[in-house]
Amino acid sequence: MSQQILPFYLVCDESGSMSGEPIEAINKALPELHSEIGSNPVVTDKTRFCLIGFSSRAEILLPLSDLSTVTEIPALQASGGTDYAKAFDVLRETINDDVNTLKAQGHQVFRPAVFFLSDGLPANNGWEGAYRALTDPGWRPRPNILAFGFGQADQQTIQQVATTKAFMANGQLGPAQALQEFAKSLIRSIVNSGTQSASDQTEGATLVMPAEVPGFTTITAEAL
Amino acid sequence: MVPTVRLADLHLDEVLDKGGQGAVHSLADRPDQVFKQYFLPTADGAALSALVGFPATLSPGDRRTLLESAAWPTEIVVEGHRTAGFLMQRVPARFAGRKANGRHQLRELQYLLFPPKPLWGDIEPLDVFERLFLARRFIEVMGVLHRRSVVLGDISMRNILWAPGEPPELFILDCDSACVAGTVLPQADTPDWNDPESRTSTSDLDSDRYKIALTVGRILSCDAYVRPGTGLDLLDGLPDEVAAAVGTTFARAAGGHGTRPTVDEWARALSGRASIPLTPPAPRPPMPVLPLTDTDRRGPRGVIQLRPYQR
């Protein structure tokens, strides 16, 4: 049956600096995310979820899926550097493929939402070019990007990556707790978007974004 | 006098739920009740009083039906002169299941509208006869409201709960969106559960009737999106008479305001009783309006002779 679908992408930094508590916090949050989304029939029906890990390279760990049908998910594992260009290239390609596949299945697809999480400065390899391709106004499925920075992440860079909202860890919570809050905000955003996405075809779906995330300071995304 | 309690006299425990309009708190000294606290200071105290006072106006049977099956506001909570919210019955434990990861989950109507998944844990959808029973119960509760022109408003896959059992039970949430006289807060609508004919953001009996059709049709077809005007593919196993009556009643809800099936018509459709079409009596022809004429002309008056007075 033809459905209206709002795809979510979690693009998560798994560089060496994420090792220990931070990566464990995200890995621990994934079953929670799976259960909350997958056990909610309406949300499951209207959303899809994809997990991409990136370090010196980027890898699709869970292809865009209906979470209620997923029984296992590869764990994030810290190693290597921080290459935003690889992450954005893989993200653009997979969004393009996913949207085409969903459309070919007869679904109506809404603008994808990306939750981007990083704890470090990107390698200086001209990632801005890959970013421009990802957010190119001429490319119809260009996603809404919410960027979260913590650890060594640079506020200005996180602001640059975000198209809608940026969040910087403010040190009020430890990394594990802050990342738990990050995961909770992702779950809430998916659940609320899934239940509130408009039924009126002309109105499109509403991406419900977190206004505030405990442990993070909300920053306006930089206007391009 | 509407039952009222001061906010300062409540012992708030944990926050159970948080929505756009308010938060629901458990109460340390009232285990069977919860407190819904409004975020907005604009809650209409008079309309809420009317809701709280409504059950007292019902017959004992109707009152029991309503209070057993709905989280109806039962006491107003005030803070100074301001209406802070209201108390209502806590959702009984049997209306929650346990998901595969052991967490509690309310048995929302949405679990009857999709094929079951292992992640749902012990939330196992009802069979077709249990669904029919649940639909009848829903109509019974809606009948208590509609026969007194009370509009429920936000009827959706998340505001209706069910519990397995013999018979299965029903529990309606968010009843403060109902209106007896005026609305408490602006009406909320759930996507996929809106009345397409409704131009305004307020609900009335007709928009409720549309949503009643959605509820009954979707429960009995296990289809979360079916709407009147499109084919209703009912689950196998319903009695033929019920299936036929539900099909035609559902289709009629596609009509405009004023033509949607009422709760009584739904009750009849779900009962499976054949109905006998009656020809309404022809209206009495109006009296002809003719010029009035004197049909009985008075003749000349006689004279009554009186006897002269005699001394």
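Everything below is about the structure shown above.
Thresholds, definitions, all that
Residues numbered from 1 in each chain as written. Chains lettered and ligands numbered in written order. Predicted model: local features only at pLDDT ≥ 70, side-chain atom pairs only at ≥ 80, totals over all residues. Heavy atoms only, no water. Helix = DSSP H or I, 4+ residues; strand = E, 2+ residues; numbered from the N terminus. Rg over C-alpha atoms; globule rule 2.2 N^0.38 Å. Buried < 20%, exposed > 50% of the residue type's maximum accessible area, 1.4 Å probe, protein only. Contact = heavy atoms within 4.5 Å. Areas by Shrake-Rupley, 256 points an atom, 1.4 Å probe, with all protein chains shown as cover. Polar contact = N/O pair within 3.5 Å; in protein donor to acceptor, adjacent residues only side chain to side chain. Phe/Tyr/Trp six-rings, centres within 6.5 Å; stacked < 30°, edge-to-face > 60°. Axes fitted to C-alpha atoms, helices over the stretch in contact; angles between N-to-C directions. Parallel < 35°, antiparallel > 145°, perpendicular 65-115°, else oblique. Nonpolar A, V, L, I, M, F, W, Y, C, P; charged D, E, K, R; others polar. Buried area = accessible area lost by both parts, 1.4 Å probe. Salt bridge = Lys/Arg side-chain N within 4 Å of Asp/Glu carboxyl O. Core = buried A, V, L, I, M, F, W, Y, C linked by side-chain atoms within 4.5 Å. Left-handed = near helix turned anticlockwise from the far one by under 90°. Pairing = 2+ DSSP bridges.

This part covers the overall build of chain A. Summing up its helical and strand segments, chain A has six helices and eight strands in all. What you see in chain A, going N to C, is helices and strands ordered as β-α-α-β-β-α-β-β-α-β-α-β-α-β. Taken over the C-alpha trace, chain A has a radius of gyration of 16 Å; the compact-globule value for 224 residues is 17 Å, and the two agree within 12%. Considered along the principal axes of its C-alpha atoms, chain A spans approximately 45 × 35 × 30 Å. The 224 residues of chain A split such that 56% are buried. Across chain A, every contact between residues at least 6 apart in sequence was considered, and the portion connecting residues at least 24 apart equals 76%. As displayed, chain A offers around 9,300 Å² of accessible surface, 46% of which is attributable to carbon and sulfur atoms.

Let's shift gears to the environment of Ser-271 of chain B. Residues and elements named next belong to chain B. Here Ser-271 shows up in helix H6 (residues 263-271). Residue class for Ser-271 comes out partly exposed when judged on its relative accessible area of 33%. The sequence separation of Ser-271 and Val-246 amounts to 25 residues, and the corresponding C-alpha distance is 9.8 Å. Reaching out from Ser-271, the side chain makes a polar contact with the backbone oxygen of Arg-268 at a distance of 2.7 Å.

Bringing the packing of aromatic side chains into the picture now. All names here are of chain A. Tallied over the full model, the rule gives 20 aromatic pairs over all chains. With a centroid separation of 5.5 Å and 35 degrees between ring planes, the pair formed by Phe-88 and Phe-116 is classed as tilted. Of this pair, Phe-88 sits in helix H3 (residues 84-104) while Phe-116 sits in strand S5 (residues 113-118), and the two are 28 residues apart along the sequence. Both residues of the pair, Phe-88 and Phe-116, belong to the buried class.

Once that is clear, we can look at the packing of helix H5 (residues 240-252) of chain B against H6 of chain B. All names here are of chain B. The interhelical angle for the contact between H5 and H6, taken along N-to-C directions, is 155 degrees, at an axis separation of 7 Å. The angle between the axes of H5 and H6 places the two elements in the roughly antiparallel class. For the pair H5 and H6, the contacting residues are Val-242, Ala-245, Val-246, Thr-249, Phe-250 and Arg-252 in the first and Glu-265, Trp-266, Ala-269, Leu-270 and Ser-271 in the second. Of the residues belonging to the contact of H5 with H6, the class tally is seven nonpolar, two polar and two charged.

All right, on to the interface of chain A and chain B then. Each partner contributes to the interface: chain A provides 22 residues, whereas chain B provides 16 residues. Between chain A and chain B, the buried area comes to about 1,600 Å², and carbon and sulfur atoms account for 52% of it. At the junction of chain A and chain B, the tally comes to three salt bridges. Note that Glu-32 of chain A and Arg-103 of chain B form a salt bridge whose closest N and O atoms lie 2.7 Å from each other. Across the contact surface, chain A and chain B share ten residue pairs in polar contact (both at pLDDT 80 or more). Elements represented by at least two residues in the side of chain A that touches chain B include exactly helix H1 (21-38), helix H2 (41-46) and helix H6 (175-196) of chain A. Residues that form the side of chain A that touches chain B fall into these classes: five nonpolar, twelve polar and five charged.

One finds Leu-66, Trp-72, Phe-138, Val-216, Leu-220, Trp-266 and Leu-270 of chain B to be the most contacted residues of the largest nonpolar core, which totals 72 residues. At ten residues, the largest contribution of residues to this core is made by helix H3 (residues 128-146) of chain B. With near-sequence residues (within four places) excluded, Trp-266 of chain B lies in contact with Ile-139, Ile-212, Ala-213, Val-216, Val-246, Thr-249, Phe-250 and Pro-261 of chain B. Judged by nonpolar contacts, the second largest core, of 38 residues, contains Leu-6, Phe-49, Leu-62 and Val-70 of chain A.

The next point concerns the side chain of Glu-108 of chain B. All names here are of chain B. For Glu-108, the location among the structural elements is in the loop between strand S8 (104-106) and H3. A polar side-chain atom of Glu-108 sits 2.6 Å from a polar atom in the side chain of Gln-110. In this view, Glu-108 contacts Met-157, Arg-158, Ile-160, Leu-161 and Trp-162; residues no more than four positions away in its chain are not counted.

The subject of this paragraph is the pattern of salt bridges. Residues and elements named next belong to chain B. Tallied over the full model, the rule gives 19 salt bridges over all chains. Asp-62 is paired through a salt bridge with Arg-148; the nearest N and O atoms lie 2.8 Å apart. Taken together, the residues span a long stretch of sequence, with Asp-62 in helix H2 (residues 60-69) and Arg-148 in the loop between H3 and strand S9 (160-163) at a distance of 86 residues. Here Arg-137 makes a salt bridge to Glu-140, at a shortest N to O gap of 3.3 Å. Here Arg-137 and its partner Glu-140 are both found in helix H3, three residues apart, which amounts to about one turn of the helix.

In helix packing, the relevant descriptors are the interaxial angle and the interaxial distance, both defined with respect to the helix axes. Residues and elements named next belong to chain B. Remark: H2 packs on H3, axes separated minimally by 9 Å, with the N-to-C direction vectors making an angle of 120 degrees. As judged from the angle between their axes, H2 and H3 are oblique. Pair H2 / H3 crosses with left-handed handedness. Touching Asp-62, Thr-65, Leu-66, Glu-68 and Ser-69 of H2 are Arg-137, Glu-140, Val-141, Val-144 and Leu-145, all from H3. Tallied by class, the residues present in the contact of H2 with H3 amount to four nonpolar, two polar and four charged.

The next point concerns the sheet that holds strand S6 (residues 82-89) of chain B. In sheet architecture, strand pairing relies on hydrogen bonds along the backbone and comes in two forms, parallel and antiparallel. Residues and elements named next belong to chain B. Strand order in the open sheet formed by six strands is S1-S5-S6-S4-S3-S2, with mixed pairing between adjacent strands. Here the strands that pair on one side only, and so sit at the sheet edges, are strand S1 (4-6) and strand S2 (12-18). Put simply, the sheet's adjacent strands are angled 30 degrees from each other on average, direction ignored. With respect to the sheet, helix H1 (residues 45-53) is in contact with strand S4 (33-38), strand S5 (75-79) and S6, its orientation differing from that of S5 by roughly 150 degrees.

Residues and elements named next belong to chain B. The alternating pattern of S9 places Ile-160 and Trp-162 and Leu-161 and Ala-163 on opposite faces, both of which are buried. Pairing of S9 with strand S10 (residues 169-172), which is carried by four bridges, proceeds in the antiparallel orientation. Pairing of Ala-163 across the sheet is with Glu-169, part of S10. A loop of five residues connects S9 with S10, the two strands running antiparallel in sequence, and Gly-165 in this loop sits at a positive phi of about 150 degrees.

Turning to unusual backbone geometry, a few remarks are in order. Residue and element names in this part refer to chain B. In this structure, Pro-167 follows Glu-166 across a cis peptide bond, with omega equal to 0 degrees. Residue position: Pro-167 is located in the loop between S9 and S10. Backbone geometry at Ser-149 places phi at a positive 60 degrees, although glycine is not the residue there. Relative to the assigned elements, Ser-149 resides in the loop between H3 and S9. The phi dihedral of Cys-222 falls on the positive side, at around 55 degrees, and the residue is not glycine.

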